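Now for the letters of each chain:
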Amino acid sequence: MLLHEHLKALDVLTFHTQLLDWYTHSGRHTLPWQHPPLPYTTWISEIMCQQTQVATVIPYFNRFIQAFPTLEDLAASSEATVLSYWSGLGYYARARNLHRTAKILLTQFNGHFPEDLETLQTLPGIGRSTAGAIYTLAFNRPAPILDGNVKRVLARLIDLKSWPGLPENLKTLWALSERLVPTQRVNEYTQAMMDLGALICTRKQPLCSVCPIQSHCQAYAQAHTQICPVPRPKRIQPIRYNTWVLIISPTHILLKQNPSKGLWGGLWCPPSIEAAMDCFAQHHVHLFKKTPPTVSNLRIFKHTFTHFKLYITPIVIDLSQHPDFTPNGLQWQPRHHLDHFAHPSPLAQLIQRINRSI
Ligand code: SF4
């Protein structure tokens, strides 16, 4: 069935009534960013919830808002501090964009969010769906959204036969999302669609028997809920290899801050073999004569990114005393206080393993 045929067959008014009735008694009404739904907190939550589940986001959100209660606080902070509150959430470009956007809002928009959709989308990290969510949830103005959850619900609603990420399918789904936006209770409608995707129309085993929009759903009618949406075609992921040299003292670990652009941009990571060799060349007398180190290998581990897999070989160089030098370009960070510096989650796991075993 083509989109216009679906839309002709769809009773939009009943769809809204059934969805909003369900949302009133079964939707999520106590999320920490909902009370009150300010543009600032809505924006932070929307960015955090990209590619991340709400349950994971909540503690990060609470810590972040405690540290940066206002846009001014966020803009005035350093990127390193913002990243340290993001450590563990992944996709660090989101945090850097938050920081950049806070500065832009303060300097170019008087500290306010622009109230038109087009301008909102010009801000770093705010795409069409995020702009739509801020617009509807914080300003209660009508706009379509198409985040991962909503995309799945709409794909099933029309029983889409190919991967929703294809350009022609995205066009269809945006048109459908736009068509479904009501004229009233738009904030509740948007939250209801997000909640339906997260709680009922889940990726595996959707709870169709209690779904409020079941009577409109083509995938349900065709018994296609297990094959719709069609998954992304498989790609062969490239593999990269890296070695991390973890030089540790009883209290600290020697780390190097990555450049702000690129992999784990702005985060603190162990030096590569080359940088570590350089450090040994500078300080071998201290390292090897005064405090003979213990060298050991930890198991190679894999970290999966969106576009490639990274295999890391960790080598631990354990100094028995904290040395009185800091090699050029590196810095000692407290290994028992990981929240003091921004780091990638695999490093946290490694340090915790080392802390437990020593
Ligand atoms: S009926 Fe099932 S597949 Fe269709 S929208 Fe509801 S939960 Fe999703």
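These numbers come from a predicted model, not from an experiment. (Residues numbered from 1 in each chain as written. Predicted model: local features only at pLDDT ≥ 70, side-chain atom pairs only at ≥ 80, totals over all residues. Heavy atoms only, no water.)

## With respect to the site of the ligand
Definition in use: Nearness of a residue to a molecule or strand requires only that one of the residue's heavy atoms be within 4 Å of it. Ten residues, namely Ala, Val, Leu, Ile, Met, Phe, Trp, Tyr, Cys and Pro, are considered nonpolar, four, namely Asp, Glu, Lys and Arg, are considered charged, and the remaining ones, Gly among them, are considered polar.
As a matter of local geometry, the ligand sits amid R156, I200, C201, P206, C208, C211, I213, Q214, C217, Y220 and T225. Residue composition of the shell around the ligand, grouped by class: eight nonpolar, two polar and one charged.

## Remarks on the domain arrangement of the protein
Under the convention used in this document: What counts as a domain boundary in this text is fixed by an automatic or database domain assignment. By definition in these notes, contact holds between two residues if any of their heavy atoms fall within 4.5 Å. What counts as buried area is the accessible surface, traced by a 1.4 Å probe, that two parts surrender upon association, with contributions from both included. Here, a salt bridge means any side-chain nitrogen of Lys or Arg that lies within 4 Å of a carboxyl oxygen of Asp or Glu. Pairs of N or O atoms are called polar contacts if they sit within 3.5 Å, as long as, within protein, a hydrogen donor faces a hydrogen acceptor (for residues adjacent in sequence, only side-chain-to-side-chain pairs).
Domain assignment breaks the protein into domain 1 (3-221) and domain 2 (239-357). Taking only C-alpha atoms into account, the centre of domain 1 sits 37 Å from that of domain 2. Taken together, the contact pairs nine residues of domain 1 with 14 residues of domain 2. Of the roughly 710 Å² buried between domain 1 and domain 2 on both sides combined, carbon and sulfur atoms contribute 54%. Linking domain 1 with domain 2 are zero salt bridges. Run the count over domain 1 and domain 2 and you get four residue pairs in polar contact (both at pLDDT 80 or more). Partitioning the side of domain 1 that touches domain 2 into residue classes produces four nonpolar, three polar and two charged.

## As for the nonpolar core
Let me state the cut-off plainly: Here the nonpolar core consists of buried residues drawn from Ala, Val, Leu, Ile, Met, Phe, Trp, Tyr and Cys, with membership extended through side-chain atoms lying within 4.5 Å. Burial here depends on accessible area, computed with a 1.4 Å probe over protein chains only, as a share of the maximum for the residue type. Under 20% is buried, over 50% is exposed, and the range in between is partly exposed. Under the scheme used here, helices are H or I runs from DSSP no shorter than 4 residues and strands are E runs no shorter than 2 residues, and both carry numbers assigned from the N terminus.
W43 and I44 are the most contacted members of the largest nonpolar core, which totals 60 residues. The greatest single-element share of this core, amounting to six residues, is contributed by helix 4 (residues 54-67). Three or more residues apiece are contributed to this core by two domains, here domain 1 (3-221) and domain 2 (239-357). In this structure, I145, L157, L180 and I213 belong to the second largest nonpolar core, which totals 32 residues.

## Some points on unusual backbone geometry
Residue P36 is bonded to the preceding H35 through a cis peptide linkage, with omega at -10 degrees. Mapped onto the elements of the fold, P36 is located in the loop between helix 2 (12-26) and helix 3 (39-49). For the bond running from C228 to P229, omega is 0 degrees, close enough to zero to count as cis. In this fold, P229 is placed in the loop between helix 13 (218-221) and strand 1 (239-248).

## Observations regarding helix 2
Selection criterion: An expected span of 1.5 Å times one less than the residue number is assigned to each helix. This arc describes the spread of directions from the helix axis toward the C-beta atoms.
Taking 1.5 Å of rise per residue, 15 residues should cover 21 Å, and helix 2 covers 21 Å from first to last C-alpha, within 8% of that figure. The set of residues buried in helix 2 consists of V12, F15, H16, L19, L20, W22 and Y23. Within helix 2, the buried residues cover an arc of 160 degrees as seen down the axis, which keeps them to one side. Pointing more than 90 degrees away from the buried face of helix 2 are the exposed residues L13 and H25. In the core, the buried residues of helix 2 are packed alongside helix 10 (148-157), helix 11 (167-180) and helix 12 (186-200).

## Describing the packing of helix 3 against helix 4
Stated formally: Fitted lines through C-alpha atoms give the axes, limited to the stretch in contact for helices. The angle between two N-to-C directions lies from 0 to 180 degrees. Angles are sorted into four bins: roughly parallel if under 35 degrees, roughly antiparallel if over 145, roughly perpendicular if 65 to 115, and oblique for all others. Definitions for this section: a left-handed crossing has its near helix turned counterclockwise from the far helix by less than a right angle. A right-handed crossing has that turn clockwise.
Contact geometry for helix 3 and helix 4: axes closest at 10 Å, N-to-C directions at 135 degrees. Put simply, helix 3 runs oblique to helix 4. Note on packing geometry: the crossing formed by helix 3 with helix 4 is right-handed. Seen from helix 3, the contacting residues are Y40, T41, I44, S45, M48 and C49; seen from helix 4, they are V54, V57, Y60, F61, F64 and I65. For the contact of helix 3 with helix 4, the residue count by class is 10 nonpolar, two polar and no charged.

## A short note on the packing of helix 6 (residues 79-86) against helix 7 (residues 93-108)
Across the interface, helix 6 lies against helix 7 with an axial gap of 9 Å and an inter-helix angle of 135 degrees. Accordingly, the angle class assigned to the pair helix 6 and helix 7 is oblique. Along this stretch, helix 6 crosses helix 7, giving a crossing that reads as right-handed. For the pair formed by helix 6 and helix 7, the contact residues are E79, V82, L83 and W86 on the first element and R94, A95, R96, L98 and H99 on the second. Counted by class, the contact of helix 6 with helix 7 contains five nonpolar, one polar and three charged residues.

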